[in-house]
Amino acid sequence: MLILANVRERWSGFLGAFIAVLVGVGLITTTLVIYDSARPDVQPRYAGTAALALPEQAVDADGSPEDRMPWSKSEAEPLLGGLGRVPGVTEAVVDRSFYAQAIRDGEPVTDEGASVAGHGWGSTRMAPYEPASGRAPSGANEVVVDRGLGAAVGSELTVNIAEGRKRFTVVGTVDGPGYYFSEAFAARQQPGVGAIALIADAGADTGAIVTAARKVLGDRGSVVSGDGRAELQPAYIGHKRFLGVQLIGAMAVLGLFTTVFVVASMLVLATGMRRREIGLLRAIGAAPAQIRRMILGEAAVVGLLGSIVGSVVGVAATPLLRSVLDGLDVTPPGMEVTVTAWPLLTASAIGVGVSVIGAWAAGRKAARVAPIEALLDSRAANKGMGHGRWTAGLAVLGLGVLLAIGTATSSADNRINMAIFATMTLIVAAALLTPVFIGPVGRFLTAPFQRGGSAGPVLIRAELVANPRRAASLVAPVIAAVGFAVLLSGMVETMRVAYPAGEALKVAGQTIVTPDGTPGNTDEVVAANPVGKAALPTRAFVLKGPDHSDSATVLDVLGTRDPRWNKPGEAVLGERTAKDLGLRKGRPVTVRFADGIRVPLRVGAVLPDDPARGDFVVARELVRAHDPAALTDDIFVPGAAEATDAVPGTALHDAAEYALADYDTDAELTDSLATMLIVIAVGYSVVAVANSMAMAAHGRRRDFAVMKSAGGTVRQLLLLAAGESALVVAIGAALGVVVTLPPLAGLASGLSQATSSDVSLHLNTGAITTAVLGTLLVAVPAGIAVTARTVRRRAA
C-alpha cells in the first residue's frame, strides 16, 4: 500500500519513467506483432493438398538444417506408387517448379515469382486451379497459362525458360498464376523431385493419411501437413520475410537498449532527488532492505502501468509499421496482421523487467542513505564519483574500445552489428563517466560569458559543478540520441562511398551483362556473350562418411567456363570450404546435385578464398547437365571482347554503372532502415530529454523560490533554465559524436581492407544537425515551461 501511495503522491516524479516505458513497450509490441504475423504461410497453390512428402533435409557448414535433398527419378518412382496407394489418397502428384516468364513486345512480363512460375500440369490439382478454358497440355510445345495474362487459347506465346526463348501454343487457361506444361516437359526442366503432394478424398482423415505416408517413406523423408506445408515457399518470399525480420529485429534491439538506458537514467535522477525523503524514512526506522524493496516496488508499478498502456498503443500503431514495411517491399504477399497474446505478454514483461533493472542501481544507492541526510540538501550527495561507478565506467569503456577495434577486423557480415554494439557500449561508458568532466566542460563553455556582468553564466556553472550526477542524468539521453544519429547516418554515408568504389575496382575495364526484368541470364544470353565469366550457380549436397550415411552438407556450387577451373571430374575449393568439409587436394568427394544424382569428383585444387571465383567450383557443363533450370549470374565480358544485350531481358553496364546499380539494389532499403532507426532513437531520446528536463526543473522549485526572493525576475529565471538546458544538450551532443567516431573509424578501416580501396570516415552533417537541433528544440522549451509553471505556483 505504501508503494501505491508513493506512486500516487509523487506521480510527477515517475511520469518520465512511465512515458519512457510506454514508448519502449509500444515499439516492442508493434515489432513483435509484425514478426508474429510474418510467419510463413501455406502457399495458395498447396491449398488442395492434405499433406506433402518431402525428402531428407541437409545441413549447412555450421550444422543448421537447410535445403531438402531432391529424390532422383529412380528414388521417387516407388515412393510415388506407394503414396498413391495410401487409403484416403486420391492421387499423389509430383510438384515441380522452375523458371518460366512470358516475353511480350520484346520485353519480359513483370513477375517477381518468375523463377518458380513453371509447373507440370498435375500441379493444378494441388490448388486446385479450375480450368477456365481449353484443355490440358500434352505436347512439348503446349502450355496452359493464367487467364489474367490475356493470352487466348490457340495463340502463340513466347516463354523464357532456362534455355532461352521458346514458342509455345496456348492450349488452355486456368484461374491461377503460373505456366503449366506437360509432365514430360516439366520433368526435363526439373528432373529431381523435391515434393510429392497428397490429394485426399472428400472427408478423408488427414491424420491417418500422414501416419500411413510416413510408413511408406520410412527414413527417406518426412511428411508435413497443416501449417507445416508452409515450409515450401518461393525464395523471393523467403527473402522478403528475411529482410522484414532483420529490419524489425534491429528496431526491437534499438528500442530495448534505448528503453533500458533511458529508464535507468530517469529512475536514478528521480531517486537522487528524494534523498531527504529517504533519509527521513531511515530516521524513523526503515531498514536498507525496506528502502530497496520500496524503490523496486515503485519501479515495478510504474513499469506495469506503462506496459499496459504501451501494449495498447503498440497494437494501435501496428498498421502504421505495416504500411511502412509495405512501402519498402519487405512484407510477404498477402500478409495479414493478427494480434495474439504472446507479443503483448512478452513486451509487458520486458517493460516491467526493464523498470526493475533500471531501478536496481538507484535502489542500492538509496539503501545506503544515512538518517542524518534528512537534514541535508537532497543534492548534497550528488557530487563526485563512487568507486563502483568508476570501476563500471572504465570497464565498459575498455569493452567499447575493444569492440571498436574489432569492427575493423570482423567479417563483412558482422561488421555493422559490431559497430552498433560498440556504439551502445561507448554510450553507456560516456553516461557513467560524465560526472568526471561535466564540471570542467561547464567551466570552459561558460567562461566566455563570465565577463558580461550577468549572474546567469555563474549560476549555470555553479549548478553543473555542484550537481554533476544530476547533470549527467540529463546528458545521458542526449548522448544516445546524437550518438545513434551519427552512427547510423555515418554508416550509410561511408558504405555509400566504399562499396561502389570497391566493386568498380574489381570489374574495371569489363562490360557486365545483367538481367533486366528477369531473375537471371538464360543459356541464350550466355551463347550471345561467349567470352568472359558466366557463373552458373546451383545448390548441391556434399555427401560424407564412407557409405555416405552422415548428414549431407548443402552449399552453393558454381559451374564455370573459365578454362583454369572448367575441368571434367574435378572441383576447385576455397580454403575455408575445404576445411569445413575436411577435404584437401587430390581427395575424392561425392556431390549430389539437384536431380538427385550422385557424382564422384576429385578435389583438383584448394585455393585462397575468392568470392569472385567461388567456394566450390566445377565445370559449367556438369551443373547444366544436373540442373537444367539453373540461371546464369551476371556475365563479365573483358574489354577486348564485345558484349551484347540483343536478347530481351538483359542490360549492359560498365564498371562504374555496374557498381552503382549493384549498390543501389540494397541502398534504398539500407537508407530506409537507417532513417527509421534514427527516427526511433532520436524521437525516443528526445521524449526522455523533455521528461528529464521537466523532472529536474520541478525538483529545483525551492532553488527558484530562493532566487526569486533574492531579486531574480521571472524572465531571468526562464533564461537561466534555457541556458542550462542548452548547455546540457551541447555537452551531450559533443559526447554523442565523440563516442561514435571510434566505431565508424573501425568500420571505414574494415571496408578499406574488404574493398581494397581507400575508404575514409564520412559523416552526414544534415542528420547530425537535425538530431542536435531537434533535441535542443525540445529540451529548452521543456525546461522553460516547467520552470515558468513552478515559479507561478510558488508565487501563488
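Residues numbered from 1 in each chain as written. Predicted model: local features only at pLDDT ≥ 70, side-chain atom pairs only at ≥ 80, totals over all residues. Heavy atoms only, no water.

On to the pattern of salt bridges, then. Applying the stated rule across the entire model yields 16 salt bridges. R322 is the partner of D326 in a salt bridge, and the nearest nitrogen-oxygen pair spans 2.9 Å. Residue D326 and its partner R322 are both found in helix α8 (residues 288-328); the two are separated by 4 residues, about one turn of the helix. Taking relative accessible area as the criterion, R322 reaches 18% and is therefore assigned buried. Each member of the salt-bridge network shares a partner with another, and the members are D67, R539 and D556. (Salt bridge = Lys/Arg side-chain N within 4 Å of Asp/Glu carboxyl O. Helix = DSSP H or I, 4+ residues; strand = E, 2+ residues; numbered from the N terminus. Buried < 20%, exposed > 50% of the residue type's maximum accessible area, 1.4 Å probe, protein only.)

Under the 1.5 Å per step criterion, the end-to-end length of helix α5 (residues 206-217) is 16 Å for 12 residues, consistent within 8% with the ideal 16 Å. Those residues of α5 that sit buried are I209, V210, A213 and L217. Buried residues of α5, seen end-on, are gathered within an arc of 95° and therefore sit on one face of the element. Against the buried residues of α5 lie β1 (51-55), α3 (73-84), β4 (89-94), β13 (196-200) and β14 (221-225). (Expected span 1.5 Å × (residues − 1). Arc of directions from axis to C-beta. Contact = heavy atoms within 4.5 Å.)

With that settled, the discussion passes to the confidence of the model for the protein. With 82% of its residues at a pLDDT of 70 or more, the protein shows a mean pLDDT of 83. The element-level mean pLDDT for the protein is lowest in helix α1 (residues 2-9), coming to 51, with strand β12 (residues 179-181) highest at 97. Below pLDDT 50 for its whole length, residues 378-382 participates in 16 contacts with residues either more than four positions away or in separate chains. (pLDDT = per-residue confidence, 0-100.)

Moving on, we get to the pairing of strand β17 (residues 536-543). The side chains of a regular strand alternate between both faces of the sheet. The element β17 is extensively covered by neighbouring structure, given that 6 of its 8 residues are classed as buried. Judged from the 7 bridges that link them, β17 and strand β18 (residues 553-560) form a sheet pairing that is antiparallel. By the bridge assignment for β18, P537 is matched with L558. (Pairing = 2+ DSSP bridges.)

This next bit is on the sheet that holds strand β24 (residues 650-653). One open sheet accounts for 4 strands, arranged β16-β23-β15-β24; its pairing is antiparallel. Lying at the two open borders of the sheet, with one neighbouring strand each, are β16 (533-534) and β24. One ladder, built from 2 bridges, connects β16 with strand β23 (residues 635-637); its direction is antiparallel. Opposite K533, over in β23, you have F636 as the bridge partner.

Looking at where H653 falls in the secondary structure, it is placed in strand β24. Ignoring any residue separated from it by four or fewer positions in sequence, one finds H653 in contact with Q510, T511, I512, T514 and Y658.

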